[in-house]
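# Descriptive analysis of the structure
Spelled out from the first residue to the last, the chains are:
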Amino acid sequence: MESEDQVLRSRKQVAMKPIRTKTENGEDGRDQDHLKKQHHDEVVEEEPLSPSARLFHEPNFNVYIIAIMGSKTKIQLDIVKANLEHTLLKHPRFSSLQVVDDRSGDMKWVRTKVDLEKHIRVPEVNPNMESGDQFVEDYVFNLSKTTIDKSQPMWDLHLLNVKTSDSEAVGIFRIHHSLGDGTSLISLLLACTRKISDPEALPTVPVKKKKKQETSNSWLLWRCLIGLWWVWQLLWHTVVDVFMFIITASFLKDTETPLKGPEGIESNPRRIIHRTVSLDDFKLVKRAMNTTINDVALGVTQAGLSRYLNRKYGEGKKAEESTETKNNLPKNVRLRSTLLINIRTSVGIQALADMMEKDTEVKWGNWIGYVLLPFTIGLRDDPLDYVREAKATIDRKKHSFEAIYTFSIAELVLKLFGIKRASGLSHRIISHTTMCFSNLVGPLEEIGFYGHPMTYLAPSSYGQPHALMINFQSYINKMTIVLSVDESIIPDPYKLCDDVIDSLKLIKDAVIAKGLVKQEDQNRN
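What you see is a predicted model, and the numbers here were worked out from it, not measured in a lab.

The antiparallel open sheet is built from 3 strands, whose spatial order is β1-β4-β3. Two strands lie at the open edges of the sheet, namely β1 (47-48) and β3 (96-100), each paired on one side alone. Sheet topology note: the β1/strand β4 (residues 107-111) ladder contains 2 bridges and is antiparallel. Along β4, the bridge assignment pairs Pro48 with Lys108.

Below, the discussion takes up the nonpolar core. Ile68, Leu84, Trp155, Ile172 and Phe173 are the most contacted members of the largest nonpolar core, which has 61 residues in total. When neighbours within four sequence positions are excluded, Ile172 is seen to be in contact with Ile66, Ala67, Ile68, Tyr139, Val140, Leu143, Asp156, Leu157, His158 and Leu160. Ile293, Val296, Leu305 and Leu339 belong to the second-largest nonpolar core, a separate cluster that totals 50 residues.

Of all 5 residues in β4, 4 are buried, a share of seventy percent or more. Pairing geometry for β3 and β4, over 5 bridges, is antiparallel. Each bridged residue has a counterpart across the sheet, and for Ser96 the counterpart in β4 is Arg111. Between β3 and β4, which pair antiparallel in sequence order, lie 6 residues; one of them, Gly105, sits at a positive phi of approximately 80°.

We now examine the side chain of Gln302. Tracing the backbone shows Gln302 in helix α9 (residues 293-313). A distance of 3.0 Å separates a polar atom in the side chain of Gln302 from the backbone nitrogen of Thr376. The residues contacting Gln302, other than those within four sequence positions of it, are Pro374, Phe375, Thr376, Ile377, Tyr386, Glu389 and Ala390.

Within the structure shown, the criterion is met by 28 salt bridges. Linking Glu117 and Lys81 is a salt bridge whose minimum nitrogen-to-oxygen distance equals 2.3 Å. Within this pair, whereas Glu117 is found in the loop between β4 and β5 (120-121), its partner Lys81 is found in helix α4 (residues 77-86), the two being separated by 36 residues in sequence. The class of Glu117 is exposed, set by a relative accessible area of 52%. Residue class for Lys81 comes out partly exposed when judged on its relative accessible area of 23%.

Their axes nearest at 7 Å, the elements helix α12 (residues 402-417) and helix α13 (residues 419-431) cross at an angle of 150°. Here α13 runs roughly antiparallel to α12, going by the angle between their axes. The crossing of α12 and α13 is right-handed. Here Ala410, Val413, Leu414 and Phe417 of α12 come into contact with α13, specifically with Ile419, Arg421, Ala422 and Leu425. Its residues assigned to classes, the contact of α12 with α13 shows 7 nonpolar, no polar and 1 charged.

Let us look at the pairing of strand β6 (residues 155-160). Most of β6 sits out of view: 6 of its 6 residues are buried. Where burial is concerned, the two faces of β6 agree: the one with Trp155, Leu157 and Leu159 and the one with Asp156, His158 and Leu160 are both buried. When β5 meets β6, the two strands line up parallel, connected through 2 bridges. For Ile120, the partnering residue across the bridge sits in β6 and is Leu157.

Conventions and cut-offs
Residues numbered from 1 in each chain as written. Predicted model: local features only at pLDDT ≥ 70, side-chain atom pairs only at ≥ 80, totals over all residues. Heavy atoms only, no water. Pairing = 2+ DSSP bridges. Helix = DSSP H or I, 4+ residues; strand = E, 2+ residues; numbered from the N terminus. Core = buried A, V, L, I, M, F, W, Y, C linked by side-chain atoms within 4.5 Å. Buried < 20%, exposed > 50% of the residue type's maximum accessible area, 1.4 Å probe, protein only. Contact = heavy atoms within 4.5 Å. Polar contact = N/O pair within 3.5 Å; in protein donor to acceptor, adjacent residues only side chain to side chain. Salt bridge = Lys/Arg side-chain N within 4 Å of Asp/Glu carboxyl O. Axes fitted to C-alpha atoms, helices over the stretch in contact; angles between N-to-C directions. Parallel < 35°, antiparallel > 145°, perpendicular 65-115°, else oblique. Left-handed = near helix turned anticlockwise from the far one by under 90°. Nonpolar A, V, L, I, M, F, W, Y, C, P; charged D, E, K, R; others polar.

Written as structure tokens, this is what we have:
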């Protein structure tokens, strides 16, 4: 094993070379008028906030993204500060204020000198505490009760040198959603990391492989016919999805279940918990059923939610074994997730790293479209049906321009009726559905955040008008399942998380029992 001195030396080796900043020296002020006067000479270009970014400043949509990172070693404050200066602070959004223009009333990005002392929090902790896991969980819960002052760039980093069941220390990034969408922000954080095996190399993130297509003359005729049918289906699916978006914004609500919160819960604190399971289990089901990891994640979630709701609806009733035809679930439960999709093409980790190291430019910003993802709620005698139904749902949603057209509708409402009406539209869409769901792909190998080896990454958020949010995040050979819940609606998030994990085991066991797994996968498991 490496000595502590060797670990510290390796961390210092990953520090970036200093890059001169473009802003002048100055100090942050306390109010908007003072800020505008003070930073007048510092401004390179006052770029307006995108309409989507402005929405995240409305009182009913003030959302913060949380990224919890476990570390194998204690986190060294001086090393983190030195590296932040030459990486994250090079990104304009992390070194800019959001200032209201007196003449137009619009908000603009204004570059400023960042005082890291105001952004990094290192609380004192009791080294003899009973449970580090509970301390971290309560810390994030209390953090979700607070906001970040607009007199500074809207992000902070909390370093907790607390030993938990799966780490020696924990870092917690909190970033206001106006700075970017969740996927782009996680990519930006990964661009600040390097491989443990090669401190100069960026993480490797898997990409989807394109299937090779035949080009024979006989196949070309079929491709033309299939292409016409494909275009017709695409147009029809888009029309149906846009229609569902409009009626959901108008009156169509999800079924009132024990998972759905009432309107106005966005300001409630969130209990954020996570569990880590084997990514190999997801891959085993994926290969056996010829699906994707995303299909399996959605299928596992549908199964877990169905088990949880069946138990909740069965409280006070005589305990009996539930089946597909005989259970406690109401019929025709409408339960949907609102997916916020950034329709702007996302930049890669390499491009973000180049931006921070070489001052190159990248496209960045919130261009948010909406996708309403229906969940099938019901018990299944064959657990593999959960995955089959999930695959059918995702394949259908992929074959639609729903995100592009819903983005256009939101933009049109903003231009015609203003930010308040646009915010009301977004709030109604989300509050009329039940939850948020996402699945993010992580690095294939062990990485270090400024030299600190990471054990897990758990992204989530708070401030959204949903009582439940479920995120899946892969990392090496692990999958972290993250739940963000309003405890006034879902008082037992651990049971819900257990239901999701138990559903994964049930589906995996069914795959093996049916003999669908290759011999090498069985040996691996």
